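# Geometric and topological summary
Spelled out from the first residue to the last, the chains are:
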There are 2 protein chains.
Amino acid sequence: MKKIAVFASGGGTDFQSIIDANAKEQFCTIEYLVAGKPQIGAIERATKAGIKTLAFDKNVFADKAAFYDYVADVLKNSGVEYIVLAGWLSVVPASFIKQFENAIINIHPSLIPAFCGMGYYGLKVHEAAIAYGVKLSGATVHFVEADVDGGAIIMQRAVAVEPDDTPETLQQRILKVEHEMLPKCVKLLCAGKIEKRGRTTVVKE
Amino acid sequence: MKKIAVFASGGGTDFQSIIDANAKEQFCTIEYLVAGKPQIGAIERATKAGIKTLAFDKNVFADKAAFYDYVADVLKNSGVEYIVLAGWLSVVPASFIKQFENAIINIHPSLIPAFCGMGYYGLKVHEAAIAYGVKLSGATVHFVEADVDGGAIIMQRAVAVEPDDTPETLQQRILKVEHEMLPKCVKLLCAGKIEKRGRTTVVKE
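In this text the structure is predicted, and so the values were computed from the model without any measurement.

### Side note on the interface of chain A and chain B
With 26 residues of chain A at the contact, the number on the chain B side is 26 residues. Between chain A and chain B the total buried area reaches about 1900 Å² when both faces are included, carbon and sulfur atoms providing 60% of it. Looking at the side of chain A facing chain B, the largest losses of area belong to P113, Y132 and K135 of chain A, adding up to 32% of the total buried there. Here chain A is connected to chain B by 0 salt bridges. For the pair chain A and chain B, the number of links is 10 residue pairs in polar contact (both at pLDDT 80 or more). Mapped by element, the contributors of at least two residues to the side of chain A that touches chain B are α5 (123–132), β7 (153–160) and β9 (200–203) of chain A. Considering every element that reaches the side of chain A that touches chain B, the biggest residue donor is β7 of chain A, with 6 residues. A per-class count over the side of chain A that touches chain B returns 16 nonpolar, 4 polar and 6 charged.

As structure tokens, then:
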């Protein structure tokens, strides 16, 4: 069974979608939750599911770089092969990405290349989509490479933007789609069914 | 019955989709085809359907600006209210747009804001989508404002990009969607069912 770690910075609903799907289909072992802060909802979900947590705590680590080094060591030593960024609000350093080449995926709540990159996180993505006036937004799962939100795309799903949408209502509708896509992609990744081909991927569903 | 003019620069399959839908549903009078060149497929389609043609001919008009002035006069004098750019490969000048405010729509073969603006026309749009590695592309109908491909969006439809797609095969699949969307939008426009609301629109289907 492939071991994975999930990185989350907030409530952890994307993380929960992987826990739930895996409870039914057992496509991986969720070895660690890596948490962006010491007290976030995702940690409670990990505890409930019996998953170990590595949390960034300013009082323990000199800085984020030291934390990433620590996390890389722990994950490598425990045999974690894949990393899933599930609402991770911190730029993963190139030195970390190098140690998990083609093995880190991220979910972003827009149809990349629209509304992505530095500055587009959380509600800001949906604010930008509504301000632009698009009729379709959605979600994208992609490999993580040195460019923020710039790695090869694995899966995209479209979601209609309604005239009365607020950033919050649009976020909620896109989250529903994220909770279907993300576990699906993790399952495909662990089964070796995602082949990277340059800037894109071939997914054998 | 609202009078429209359709602008086309090539074979005119988008133009034909409006002719065909209107033959069945009679939502407008297609008063003129405006052709980007004197000999293009769209002109044959106009002739067959009994639609008058205004064609840009370098031997007749001093330049494109003179042609746009001439076209504006003819359309205004014949009571044309709406203009549909259906594969029009020329930037419409601001002076022309001013004379048909909120009355010009365009179809673009991508999910705007992806792969649009200056330099993205014809096959180049699909080449860019494939090179980027997106899993979803599509088509967008939008109002024409001074920014190229930057006007308020009326309708967007997604189309899956397949691993073996070439720019040509992707173009063909997106064209099928265009041929459904474009007549639908023209019908809604002529029926007064598209309300512009700042950067976006409310469409009452």
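Having seen the structure, we can now continue with the description.
### What about helix α6 (residues 167–190) of chain A?
Residues and elements named next belong to chain A. The end-to-end C-alpha separation of α6 is 33 Å, in line with the 34 Å expected for 24 residues at 1.5 Å each. A bend of about 25° at E178 is the largest found in α6. Downstream of α6 by one or two residues, G192 has phi in the positive range, about 70°.

### A few points about the sheet that holds strand β1 (residues 3–8) of chain A
All names here are of chain A. Strand order in the open sheet formed by 7 strands is β3-β2-β1-β4-β5-β6-β7, with mixed pairing between adjacent strands. What marks the edges here is a single partner per strand, and that holds for β3 (52–55) and β7. The sheet shows a mean angle of 20° between the axes of neighbouring strands, taken without regard to direction. Judged from the 6 bridges that link them, β1 and strand β2 (residues 29–35) form a sheet pairing that is parallel.

### Concerning the confidence of the model for chain A
With 100% of its residues at a pLDDT of 70 or more, chain A shows a mean pLDDT of 95. Predicted complex metrics record ipTM = 0.91 and pTM = 0.93.

### Considerations on the environment of F115 of chain B
In this fold, F115 of chain B is placed in the loop between β5 (104–108) and α5 (123–132). Put simply, F115 of chain B and K76 of chain B are 39 residues apart on the chain and 33 Å apart in space, counted from C-alpha to C-alpha. Non-local contacts of F115 of chain B, meaning those with residues more than four positions away in its chain, are made with P113 of chain A together with H108, S110, Y120, V125, A128, A129, Y132 and V134 of chain B.

### A look at the environment of P113 of chain A
Along the chain, P113 of chain A falls in the loop between β5 (104–108) and α5. Using a relative accessible area of 25% as the deciding quantity, one classes P113 of chain A as partly exposed. A C-alpha to C-alpha distance of 19 Å links P113 of chain A and P167 of chain A, two positions 54 residues apart in sequence. In this structure P113 of chain A touches A114, F115, Y132 and V134 of chain B, once residues within four positions along its chain are discounted.

### Side note on the sheet that holds strand β2 (residues 29–35) of chain B
All names here are of chain B. As summarised here, the arrangement of the 7 strands in space is β3-β2-β1-β4-β5-β6-β7, forming an open sheet in which the pairing is mixed. With partners counted over all chains shown, the strands left at the sheet margins are β3 (52–55) and β7 (153–160), one partner each. Strand-to-strand twist in this sheet, taken as the mean axis angle between neighbours without regard to direction, amounts to 20°. For strand β1 (residues 3–8) and strand β4 (residues 82–85), the ladder comprises 4 bridges, and the chain directions are parallel. Following the sheet pairing, I4 is matched in β4 by Y82. Across the sheet, helix α1 (residues 13–25) touches β1, β2, β4 and β5, and the angle it forms with β2 is around 170°. Contacts between helix α2 (residues 41–49) and the sheet are confined to β1, β2 and β3, with β2 contributing the most and set at about 155° to the helix.

### Considerations on the packing of α5 of chain A against α6 of chain A
Residues and elements named next belong to chain A. As a packed pair, α5 and α6 sit with axes 9 Å apart at the nearest point and diverge in direction by 110°. Between α5 and α6, the angle falls in the class roughly perpendicular. Where α5 crosses over α6, the handedness of that crossing is right-handed. Together, L123, H126, E127, A129 and I130 of α5 and P167, E168, L170, Q171 and I174 of α6 make up the contact between the two elements.

### What about the packing of aromatic side chains?
By the definition in use, this model includes 22 aromatic pairs over all chains. With a centroid separation of 6.4 Å and 85° between ring planes, the pair formed by Y68 of chain A and W88 of chain A is classed as edge-to-face. In this pair, Y68 of chain A sits in helix α3 (residues 64–77) while W88 of chain A sits in the loop between β4 (80–85) and α4 (94–99), placing the two residues 20 residues apart along the sequence. The exposure class of Y68 of chain A is buried, given its relative accessible area of 3%. Ring-pair connections join several aromatic residues into one group, and the members of that group are F7, Y68, W88, F96 and F100 of chain A. Above the face of the Y132 of chain B ring, R199 of chain A is positioned so that its terminal group lies 4.8 Å from the ring centre. Over the aromatic face of Y32 of chain B sits the side chain of K52 of chain B, whose NZ or CZ is 4.7 Å from the ring centroid.

What counts, and where the lines are drawn
- Residues numbered from 1 in each chain as written.
- Chains lettered and ligands numbered in written order.
- Predicted model: local features only at pLDDT ≥ 70, side-chain atom pairs only at ≥ 80, totals over all residues.
- Heavy atoms only, no water.
- Contact = heavy atoms within 4.5 Å.
- Buried area = accessible area lost by both parts, 1.4 Å probe.
- Salt bridge = Lys/Arg side-chain N within 4 Å of Asp/Glu carboxyl O.
- Polar contact = N/O pair within 3.5 Å; in protein donor to acceptor, adjacent residues only side chain to side chain.
- Helix = DSSP H or I, 4+ residues; strand = E, 2+ residues; numbered from the N terminus.
- Nonpolar A, V, L, I, M, F, W, Y, C, P; charged D, E, K, R; others polar.
- Expected span 1.5 Å × (residues − 1).
- Bend = angle between axes of the 7 residues up to and from the residue.
- Pairing = 2+ DSSP bridges.
- Axes fitted to C-alpha atoms, helices over the stretch in contact; angles between N-to-C directions.
- pLDDT = per-residue confidence, 0-100.
- Buried < 20%, exposed > 50% of the residue type's maximum accessible area, 1.4 Å probe, protein only.
- Parallel < 35°, antiparallel > 145°, perpendicular 65-115°, else oblique.
- Left-handed = near helix turned anticlockwise from the far one by under 90°.
- Phe/Tyr/Trp six-rings, centres within 6.5 Å; stacked < 30°, edge-to-face > 60°.
- Lys NZ or Arg CZ within 6 Å of the ring centre and 35° of its normal.

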